[in-house]
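Observations on the three-dimensional arrangement
Listed here are the chains, written in short residue letters.
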Amino acid sequence: MYQYKVLKNGKIWTGDKSSLWKDVLVTEGEKIVYTGNGAVPAEYCVDAEVYDLNKKMVIPSLIDSHIHISALAQSTYFYVMENTDTLEVIQENIRKYANAHPEQAYIYVESCPTVLMDDPRMTKAFLDAIVPDRPVLLCDASFHRALLNTRMLELMEITPENHSHGGLKEYELNENGELTGIAYEHAYDDDLEKMYQKIGWYPPDVSTGDVMLPFLDMFSGWGVSCILDGLTESEKTLQGMRALEEAGKLHFYFHGTSLFTNIHDLDDAICRLREWQKKYGSRHVILNTMKLFLDGTNEIGTSAVIEPFANDPAGENRGSLQLEQAELAAVFVRLQEEELNIQIHMVGDRAFRTALDAAEDAKKILHERGQKLNIRINFLHCELTKPEDRKRPAKLGVHINWSPQWSGGIFGEDSMLYLGRERFESMYSFNEIIRSGAVVGYSSDVVDIAEIHRANPFAGIQIGHTRIDPDAGGVLRQPADERISREDLLYGYTVGNARQVGMEDSIGMLKPGMLANIAVLNKDYFEIDADAISSIRADRLMFEGEWVFSG
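Small disclaimer: the values here were computed from a predicted structure and weren't measured.

This part takes up the overall build of the chain. Counting secondary structure elements, the chain contains 16 helices and 22 strands. In terms of overall size, the chain behaves like a compact globule, its C-alpha atoms giving a radius of gyration of 24 Å where 551 residues would be expected to give roughly 24 Å. With the C-alpha coordinates of the chain rotated into their principal frame, the extents come out at 80 × 55 × 50 Å. Classification of the 551 residues of the chain by burial places 59% in the buried group. Taking contacts inside the chain between residues at least 6 apart in sequence as the whole, the part at least 24 apart equals 73%. If you sum the accessible surface of the chain, you get close to 21500 Å²; carbon and sulfur atoms cover 48% of it.

Attention now moves to the packing of helix H7 (residues 209–221) against helix H8 (residues 235–246). Packing of H7 against H8 brings their axes to within 9 Å, and their N-to-C directions diverge by 75 degrees. Between H7 and H8, the angle falls in the class roughly perpendicular. When H7 is examined against H8, the residues Gly 209, Met 212, Leu 213 and Leu 216 are found in contact with a partner set consisting of Thr 237, Gly 240, Met 241 and Leu 244. Taken together, the residues of the contact of H7 with H8 break down into 5 nonpolar, 3 polar and no charged.

A few words now on the sheet that holds strand E6 (residues 62–67). Strand order in the open sheet formed by 8 strands is E6-E13-E14-E15-E16-E17-E18-E19, with parallel pairing between adjacent strands. The open sheet has two edge strands, E6 and strand E19 (440–442), and neither has a second partner. Averaged over all neighbouring strand pairs, the angle between strand axes comes to 25 degrees, with direction disregarded. Across the sheet, H7 touches E6 and strand E13 (224–229), and the angle it forms with E13 is around 130 degrees. The strands that helix H16 (residues 486–500) touches are E6, strand E17 (377–381), strand E18 (399–402) and E19; relative to E19, the one it contacts most, it runs at about 100 degrees.

Moving on to the environment of Gly 177. Mapping Gly 177 onto the fold places it in the loop between strand E11 (170–173) and strand E12 (179–184). When the C-alpha atoms of Gly 177 and Ile 518 are compared, they prove to be 58 Å apart, with 341 residues separating the residues in sequence.

What follows deals with the layout of surface pockets. Approximately 610 Å³ is the volume found for the second largest pocket. Around the second largest pocket, the lining is made up of 24 residues, and of these Arg 145, Glu 172, Ile 182, Tyr 184 and Ile 300 lie nearest the centre. Mapped onto the lining of the second largest pocket, the elements with two or more residues apiece are E11 and E12. Of the residues forming the lining of the second largest pocket, the biggest block, 3 residues, is contributed by E12.

Attention now goes to the pattern of salt bridges. Under the criterion given, the structure shown has 32 salt bridges. When salt bridges with common partners are traced through the structure, they connect Arg 353, Asp 357, Glu 360, Glu 388, Asp 389 and Arg 392 into a single cluster.

All chains considered together, the criterion is met by 1 cavity of 30 Å³ or more. Estimates place the volume of the largest cavity at around 30 Å³. Residues of the lining of the largest cavity, tallied by class, amount to 2 nonpolar, 4 polar and no charged.

Bringing the environment of Met 346 into the picture now. You can see Met 346 is positioned in strand E16 (residues 341–346). For Met 346, a relative accessible area of 0% corresponds to the buried category. As a C-alpha pair, Met 346 and Leu 294 span 52 residues in sequence and 5.6 Å in three-dimensional space. Excluding anything up to four places from it in sequence, Met 346 contacts Leu 294, Asp 295, Ala 351, Phe 352, Ala 355, Phe 379, Leu 380, His 381, Cys 382 and Glu 383.

Moving on: H7. In this model H7 runs 18 Å from its N-terminal to its C-terminal C-alpha over 13 residues, within 8% of the 18 Å that 1.5 Å per residue would give. Those residues of H7 lying buried are Gly 209, Met 212, Leu 213, Phe 215, Leu 216, Phe 219, Ser 220 and Gly 221. One or two residues past the end of H7 sits Gly 223, with phi positive at roughly 85 degrees.

Residues that lie three or four places apart on an α-helix share one face, since the helix turns once every 3.6 residues. Under the 1.5 Å per step criterion, the end-to-end length of helix H10 (residues 325–338) is 20 Å for 14 residues, consistent within 8% with the ideal 20 Å. Summarising the contacts, the buried residues of H10 are in contact with helix H9 (266–280), strand E15 (285–293), E16, helix H11 (349–368) and E17.

Taken together, 6 strands build an open sheet; the order of strands is E7-E8-E9-E10-E12-E11 and the sheet is mixed. Strand pairing shows two members of the sheet lacking a second neighbour, strand E7 (79–80) and E11, which therefore form its edges. Across 3 bridges, strand E10 (residues 145–148) lies against E12 in antiparallel orientation. Paired with Leu 147 across the bridge in E12 is Ile 182. Where helix H2 (residues 87–100) meets the sheet, it contacts E7, strand E8 (107–112) and strand E9 (136–140), and its direction lies at approximately 155 degrees from that of E8.

Here we come to the packing of aromatic side chains. Applying the stated criterion across every chain yields a total of 21 aromatic pairs. Consider the rings of Phe 352 and Phe 379, whose centres lie 6.0 Å apart with planes at 80 degrees: the pair is edge-to-face. Of this pair, Phe 352 sits in helix H11 while Phe 379 sits in strand E17, and the two are 27 residues apart along the sequence. When its relative accessible area of 0% is taken as the criterion, Phe 352 is described as buried. One aromatic cluster in this structure is built from Phe 78, Tyr 106, Tyr 108, Tyr 196, Trp 201 and Tyr 202. One Lys or Arg, Lys 17, reaches over the ring of Tyr 491 and ends 4.2 Å from the middle of that ring. The side chain of Arg 540 reaches across the aromatic face of Trp 547, ending 4.3 Å from its centre.

Take the side chain of Lys 169 next. Tracing the backbone shows Lys 169 in the loop between helix H5 (150–155) and E11. A polar atom in the side chain of Lys 169 sits 3.2 Å from the side chain of Asp 190.

Turning our eyes to something else, we now look at the pairing of E9. Put simply, side chains in a regular strand alternate between the two faces of the sheet. Of all 5 residues that make up E9, 5 are buried, and the element is covered over most of its length. Along E9, one buried face is formed by Val 136, Leu 138 and Asp 140 and the opposite face, lined by Leu 137 and Cys 139, is buried too. The sheet contact formed by E8 and E9 spans 5 bridges and is parallel. Each residue of the ladder has a partner; that of Glu 110, found in E9, is Cys 139. Pairing geometry for E9 and E10, over 3 bridges, is antiparallel. Bridging across to E10, Leu 137 finds its partner in Leu 148. Hairpin connection from E9 to E10: 4 residues lie between these consecutive antiparallel strands, with Phe 143 at a positive phi of about 65 degrees.

What counts as what
Residues numbered from 1 in each chain as written. Predicted model: local features only at pLDDT ≥ 70, side-chain atom pairs only at ≥ 80, totals over all residues. Heavy atoms only, no water. Helix = DSSP H or I, 4+ residues; strand = E, 2+ residues; numbered from the N terminus. Rg over C-alpha atoms; globule rule 2.2 N^0.38 Å. Buried < 20%, exposed > 50% of the residue type's maximum accessible area, 1.4 Å probe, protein only. Contact = heavy atoms within 4.5 Å. Areas by Shrake-Rupley, 256 points an atom, 1.4 Å probe, with all protein chains shown as cover. Axes fitted to C-alpha atoms, helices over the stretch in contact; angles between N-to-C directions. Parallel < 35°, antiparallel > 145°, perpendicular 65-115°, else oblique. Nonpolar A, V, L, I, M, F, W, Y, C, P; charged D, E, K, R; others polar. Pairing = 2+ DSSP bridges. 1 Å grid on protein atoms, 1.4 Å probe; cavity = no way out; pocket = protein on both sides within 12 Å on 5 of 7 lines; lining within 4 Å. Points joined across faces, edges and corners; volume = space filled by probe spheres on them. Salt bridge = Lys/Arg side-chain N within 4 Å of Asp/Glu carboxyl O. Expected span 1.5 Å × (residues − 1). Phe/Tyr/Trp six-rings, centres within 6.5 Å; stacked < 30°, edge-to-face > 60°. Lys NZ or Arg CZ within 6 Å of the ring centre and 35° of its normal. Polar contact = N/O pair within 3.5 Å; in protein donor to acceptor, adjacent residues only side chain to side chain.

As structure tokens, then:
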């Protein structure tokens, strides 16, 4: 075992703006001890293992600060449909699948195009006509709405009287007060246990290390060594991660999250996180973040917007908020007392403004107590914002997290139906936020195996930089001047995300004293054509001073 590892003759992007480019890097143990240009200092040439990088580009290993790794694992037993152009095709696909799997007690199907789910024919009767005797759930592409058949509703004992679980989580009623079969914001999560008991079946344990390891290996090939789970759905995921760590196979930092839905279940969610910390917390399994959905999505008209939705004839529907300003401010104050961070899903401009106002109120409350608001408050998505609000995150110290793989408009017309063209073409505007000095990080927000290729950070970077998505017709998404620079995207995937997960003192940069988490790329990030950025891979990946991947 050599004392030093010397990487020389490279193009080393350090992430440190005061000293951005080097050509030599030296590690000792798990840390970086030297970066520089030119000859390797003599003291690092003794007992050293030398790697000639041959002008290859080196960057800090990347961080995905919002991906649903729990959902990815679960999706291994879902039925993920292909060719879903029409309702008739969807019906035929589900019919064939059900006939081919008579042993399947519960059929979970992904994913129906959002615009098709808006069709008035999409009621429980649509699924009843295919599979009347087994529970069936059809999730739409937004993952915020689903269609359930009558059998599933009956097994979960859902009636018009108990259709609402509070906030955004509810089962839809028609004009006659009857269940339509549509469920919003995973309302069924709270009711699945009843169904499982009655059918004598439970989902397979897919959060084991064996199931998750192939996903983690895929991330290693993209140069990623830190992920934050956007919604840790059960402690089985944590058990799996700890098992991998104990087996010496977890070459990652895994951050879990605990979900709360309103002010009333906050205490329970905090208690759950504390229990997880005691049972599973470690150097590599980190549990200090809460998760909240403040509004829904633009694609199905459940986001919280300042002006009413364009397709509302009455001009009154502005969507819904899970928490109002005063409640959210109280949440921030409480989490500051607990020293816990928070990720907040928000897509509408009213949700964005309300959260900013709440952060401002919380700062004032704490200031009066002689305290500061210094937990990590991460605003996720922020798809629609008003220009007058875009400089506020920097002033308030809140962080912005965007999934650049959406920048090419893969959701397309679905949002335009609700927002109208003017608002639709103002979406995904982040450059003013970046220029104002806010901490901006990036993530994939991928939820199932059908879109796993979009979890590649370089695919996200390509779309964020060009605003052209090959999976969405290859058309430039307006406004064109909101294309994000390569520099800002790389900075966000490293330094910005390190700050968002609270690890900026140890990862995200390549400089002495930092952990040696290093990705050697197969292509030059800054020289490659913009439409080929997604082809970049890690030639090698170092985690805490040890090579853990070789492409």
